[in-house]
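Letter by letter, the chains look like this.
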Amino acid sequence: MRKCLGYITISLLVPVLILFIFLSHQEWSLAQSPYHVLDERIPIDSVELSQTSYMKAANGKVISEISTGEKRTYLKLEDIPLFLENLFIVTEDQKFYDHAGVDLSGISRALLINSQNKTIEQGGSTITQQLARNAYLSHDRTYNRKLSEILYAYQLERKKSKPEIMELYLNAIYFSNGAYGIEAASQYYFSKPTGELSKAELAFLAAIPNNPENYNPLKHFDETKKRQERLLKQMVAEGDLEQTEYEKLINTTIKLDLSTPVDLYPDYVTYVHQELKNLVASSEGLTKSLQSPDVDIRQQAEVELNKKVEKLLNSGVTIHTALDTKLQTQSKTAVQSKIGVNDIEGALVVIQHHTHELVSLIGGKDYKKNSFNRAYQSYRQPGSAIKPLLDYAPYIEETGADINQLVSGASYCSNSYCPKNYSGDSYGMVTLRTAFAQSYNTPAIRLFEKTGMETSFKYLEAFDFKKVSKKDHHTSSAIGGFEYGMSPLELTNAYTSFNDGNYQPARAIIRVTDQKGEVLYKWNDNSKEIWNKSTVAKMRQLLHETTLSGTARKAYFPTDYIGGKTGTTNDVKDMWFVGLTANYTTGVWIGKDKPSNLQSIYSHTPHVLIWKDISQTAE
C-alpha cells in the first residue's frame, strides 16, 4: 500500500514540477537558461558503462576476463535482436518513442498492473528513467532518488537519440549474478552470444531485470519462467506476437548452460597485471614520481596510477600478450614433476630473445593468482650464474682475451676473505674455457679484479637489476655474494645479451587496444649494445662448453645452439641454470622460500633437467 501511495505521490509531483518550471521560465531566462543550469548540474555528454576487459595469449586465445566491478560486454543496437527491443518497449515503456523521458500514463498503468497482480511488476519508470538509475543513481526507493531520476531522464532525452538510449539501456541493466547488459547475460546463462539466442531465451532473460533478486534464475528458475510467460502474453495483448507463436515460445524448454569466467595461467596473468601498471606509468610520465625519494610524491603518483589503470580496465580493452600457452602448460608440468611434493619451490622464465618477448613465466610450483610470484618478486643470490655477466664478459670485452688464455685456479685470500673452489681443490693455471665450464671460483675472482670492480659493475648496471646497489661492490659479488641478488626474470633477461650483444627488457605485453582495435598503449623500448661481436662469440663458446663438458652436461641435447651456466649459493640454498638455444633464453631457479640446504636433491640436478625439458619443447 505504501509503495502504491508513493507512486501516486510521484505522479502528482511530476506535473507540479513541470508547472513550476513553466511558470519560472521567464525569470530564469533573465538570469540563466534552465538548460544551462541542468547542463551544469547534470552533465550528460557521454554515458560511460564499465565493461569487461580481456587478456589474450599470442595465439589470440582469451586467458583472462577482467572485471573490476561489473561484467559487461557492450553491444551496438544493430547487433541486438529487434525482438528483444520490442519486448522491452511493450512490457516496460510503450510510449518510449513518444515521451520526453517521463510517462505519466505509464505510472498510472504500472499502479493498475501492480494492484491486479498484487506484486511490484512495473515501477512506472520509463526506459530512459531506468537507464538514468542504472548509469548514474542508486536503486534506493526514495522520493529524492525518484525526482533525481526524472531530471536525469530529461537530460538524457535532450542529449541522446532514442536509438542511443535504447542501446545504452540494453547494455546497462542488471541481469543478476554479476551480469550487466544483455551480452554478458547471454554469455553467462547460455554460453553463447546474444545473436544466437532463441526468442524464448531472449524473453527469459528479459524477465530478470525487473527484480534481479526475485527473478534470479539460479535461485528462482520457476518464477523467472512464469514472468517470461507473462511478458510474452503482454506482447500478444498488444498485437506484437501471434497466439500460436506465443504458445510455442512458452512451451520451449529453457536449459541454462552456465559459463565460468576465463581465468587461466595465473603465474603469467599476475605478472601481466604488474607490467600493465608499469606500461601505463611509463606512457603517462609517472615513472619518475613513483621512484621519488619523497614518500608523499610516491603515494600521490601511486594513487593517480591506480585510477588510470582502473579506468583503462573498465573501458573494455584487450591486452595482447606474448604468452605461448602450450609452453606455459609444459613449463608448469616440468617444474612440478622435477621438484615433487615437498617445501621446495621453483620459478621459470622463457624469453624469445629475437623479439624480446616473455613467452612463459612460472611463479611457483602450485602458484595461486595474485600470490607471491617467485619469477619476478623473489630476489635471491645468483651464485656462479653471475660469473658470465660480472666476471668473464667484462674481462673479455675490456682485454680482448682469448678463451684459451690461462688464469690461476690456485687458492685465493685477500683481507681474510678466502673463498674456495667448490671441490676445495687448487688447480694451478687453467684456461678460461676450463675455469668457466667447471665453474671454478678463484679464477673468476681474479678476472674480476683484473677488470676492476667499478668497471665490472658498470657493465652490470646496464641490466637494471633493481636491488643491486653500491653495497654489493665487494669481491664476494664476483661469485654471487650479493646482499639481495636478483629475480629469475632479471637474470634471464640479462642473459639474452649473449644472443647478439644487445639488451632490451623482455615484455609480456605486446599492445593494449580499445574496442575498435586502436592501439592505446605499447612498449617503445630501445635496444642498447652491451658486448661487441667478438665478446659475444667467445661467451657463446664458453656457455656451450659448459653443456658439453662442464657443470651442465645434463642440459645438452643436439640442436643448432645450446649453452648456459649453472649457479649454486653457499650451503646449496639456491640452484640456478640459465641458458640459451637458437631462439630462446630460459632461466630456472629452485630453492625454499625460507632459504635452507638443498643438498638432498643437488645430485639430481632438477634445475638443469627442467631447463632441458622446456628448451627441447620450445625449439
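Let me begin by describing the structure that accompanies this report. (Residues numbered from 1 in each chain as written. Predicted model: local features only at pLDDT ≥ 70, side-chain atom pairs only at ≥ 80, totals over all residues. Heavy atoms only, no water.)

Description of the overall build of the protein chain
The condition that has to hold: Here a strand is any run of E in DSSP of at least two residues, a helix any run of H or I of at least four, and the numbering for each starts at the N terminus. Whether two residues touch is decided by their heavy atoms; if any such pair falls within 4.5 Å, the residues are in contact.
What the protein chain contains, in helices and strands, is 25 helices and 14 strands. Looking at the protein chain alone, contacts between residues at least 24 apart form 69% of all its contacts between residues at least 6 apart.

Structural notes on the packing of aromatic side chains
Definition in use: Aromatic rings from Phe, Tyr and Trp, taking only the six-membered ring of Trp, are treated as a pair when their centres fall within 6.5 Å; an angle between ring planes under 30 degrees marks them as stacked, one over 60 as edge-to-face, and anything in between as tilted. Residue burial is assigned from relative accessible area. The probe radius is 1.4 Å, only protein chains are included, and a residue is buried under 20% of its type maximum, exposed over 50%, and partly exposed in between. Only when the NZ atom of a Lys or the CZ atom of an Arg is both within 6 Å of the ring centre and within 35 degrees of the ring normal do we say a charge sits over the ring.
Taken as a whole, this structure holds 19 aromatic pairs when the rule is applied. Between Y459 and W531, the ring centres sit 5.2 Å apart and the planes meet at 20°, which makes this aromatic pair stacked. Of this pair, Y459 sits in helix α20 (residues 453-461) while W531 sits in the loop between β11 (528-529) and α23 (533-549), and the two are 72 residues apart along the sequence. Aromatic pair F463 and Y503: ring centres 5.2 Å apart, planes at 90°, arrangement edge-to-face. Linking F463 in the loop between α20 and α21 (488-495) with Y503 in strand β8 (residues 502-503), this pair joins segments that are 40 residues apart in sequence. We note that F463, like Y503, is buried. Through pairs of rings, three or more aromatic residues link up here, namely Y459, F463, F465, Y495, F498, Y503 and W531. A cation sits over an aromatic face here: K467 above Y484, 5.4 Å from the ring centre. Cation over ring: R540 sits above Y561, and NZ or CZ is 3.9 Å from the ring centre.

What about the sheet that holds strand β13 (residues 574-581)?
Inclusion rule: The criterion for strand pairing is that DSSP finds at least two bridges linking the strands in question. Whenever a helix is involved, its axis is fitted only over the stretch in contact; in every case the axis is a line through C-alpha atoms, and angles between N-to-C directions fall within 0 to 180 degrees.
Read from one edge to the other, the open sheet built from five strands follows the order β5-β4-β14-β13-β12, with strand pairing classed as antiparallel. Among the strands making up the open sheet, the edge pair consists of β5 (357-362) and β12 (562-568). On average, adjacent strands in this sheet sit at an angle of 10° to one another, irrespective of strand direction. Relative to strand β14 (residues 584-591), strand β4 (residues 345-352) is paired through eight bridges, and the arrangement is antiparallel. Residue pairing for β14: V349 is matched across the bridge by G587. Its contacts with the sheet place helix α25 (residues 606-618) against β4, β12, β13 and β14, and it is angled at close to 25° to β13.

Some thoughts on the nonpolar core
Quick reminder of the rule: For the purposes of this section, nonpolar cores are sets of buried Ala, Val, Leu, Ile, Met, Phe, Trp, Tyr and Cys residues that join through side-chain atoms within 4.5 Å.
Ranked by internal contacts, the top residues of the largest apolar core, which has 84 residues, are I319, L389, L460 and L491. Ranked by the residues each element gives to this core, the list is headed by helix α13 (residues 266-283), at eight residues. If sequence neighbours within four positions are ignored, I319 has contacts with Y54, M55, K56, I66, V272, L276, L313, I509, R511 and V512. By size, the runner-up hydrophobic cluster in this structure holds 50 residues, among which are L75, L77, I89 and L170.

Some thoughts on the packing of helix α17 (residues 387-399) against helix α19 (residues 441-451)
What counts is decided by this rule: Here roughly perpendicular refers to angles of 65 to 115 degrees, roughly parallel to angles under 35, roughly antiparallel to angles over 145, and oblique to all remaining angles. Crossing handedness: left-handed means the near helix sits turned counterclockwise from the far one by under a right angle, and right-handed means the same turn made clockwise. Residues are grouped as follows: nonpolar covers Ala, Val, Leu, Ile, Met, Phe, Trp, Tyr, Cys and Pro; charged covers Asp, Glu, Lys and Arg; every other residue, Gly included, is treated as polar.
Where α17 contacts α19, the two axes come as close as 9 Å, and the packing angle between them is 50°. Taken together, the axis directions place α17 and α19 in an arrangement best described as oblique. Here the hand of the crossing between α17 and α19 comes out left-handed. Facing K387, L390, D391, Y392, P394, Y395 and E398 of α17, the residues of α19 in contact are N441, P443, A444, L447, F448, K450 and T451. Residues of the contact of α17 with α19, tallied by class, amount to eight nonpolar, two polar and four charged.

Observations concerning α17
To be explicit about the condition: Bend at a given residue is defined as the angle between two axes, one fitted to the seven residues that end at that position and one fitted to the seven that begin there.
In α17, a bend of some 35° at A393 exceeds every other bend along the element, and P394, a proline, comes one to four places later. Of all 13 residues in α17, eleven are buried; the element is thus mostly enclosed. Considered for burial, the residues of α17 that qualify are K387, P388, L389, L390, D391, Y392, A393, P394, Y395, I396 and E397. Following α17 by one or two positions, G400 adopts a phi angle in the positive range, close to 75°.

Looking at the pairing of β14
The element β14 is largely enclosed, with a buried count of eight among its eight residues. A two-sided burial pattern is seen for β14, the buried positions comprising Y584, T586, V588 and I590 on one face and T585, G587, W589 and G591 on the other. For β13 and β14, the ladder comprises seven bridges, and the chain directions are antiparallel. Its bridge partner lying in β14, M575 is registered against I590. Linkage of β13 to β14, two consecutive antiparallel strands, is achieved through a turn of two residues.

Description of the sheet that holds strand β2 (residues 62-66)
Overall, mixed pairing links the five strands, which are arranged β2-β1-β3-β9-β10 in an open sheet. Every other strand in the sheet has two partners, leaving β2 and β10 (519-521) as the edge strands with one partner each. Ignoring which end each strand starts from, the neighbouring axes of this sheet average 25° apart. Sheet topology note: the strand β1 (residues 53-56)/strand β3 (residues 318-321) ladder contains three bridges and is parallel.

Some remarks on the state of the cysteines
Note on terminology: disulfide describes a covalent bond linking the sulfur atoms of two cysteines. We apply this condition: The disulfide criterion used throughout: a pair of cysteine sulfur atoms within 2.5 Å.
Counted according to the given criterion, the structure contains one disulfide. The disulfide partner of C413 is C418, and the S-S distance across this bridge is 1.5 Å. Its S-S torsion of about 80° marks the bond between C413 and C418 as right-handed, since a negative value means left-handed.

A few points about unusual backbone geometry
Most peptide bonds take the trans configuration, and most residues that are not glycine carry a negative phi. Of note in this structure, S191 is not a glycine but carries a positive phi near 55°. You can see S191 is positioned in the loop between α9 (182-190) and α10 (199-206). Its identity is not glycine, yet V572 carries a phi of approximately 50°, on the positive side. Looking at where V572 falls in the secondary structure, it is placed in the loop between β12 and β13.

Looking at the environment of I445
Looking at where I445 falls in the secondary structure, it is placed in helix α19. C-alpha of I445 to C-alpha of P419: the two residues are 26 residues apart in sequence and 9.2 Å apart in space. Setting aside its immediate chain neighbours within four residues, I445 contacts Y412, Y417, P419, T475, A478 and I479.

Let's talk about the environment of D257
Tracing the sequence through the fold places D257 in the loop between α12 (243-250) and α13. Through-space distance from the C-alpha of D257 to that of F190 is 4.5 Å; in sequence the pair is 67 residues apart. Excluding its chain neighbours within four sequence positions, the residues that come into contact with D257 are Y188, Y189, F190 and S191.

Focus: α9
The element α9 is largely enclosed, with a buried count of eight among its nine residues. Looking at α9, one finds that the buried residues are I182, E183, A184, A185, S186, Y188, Y189 and F190.

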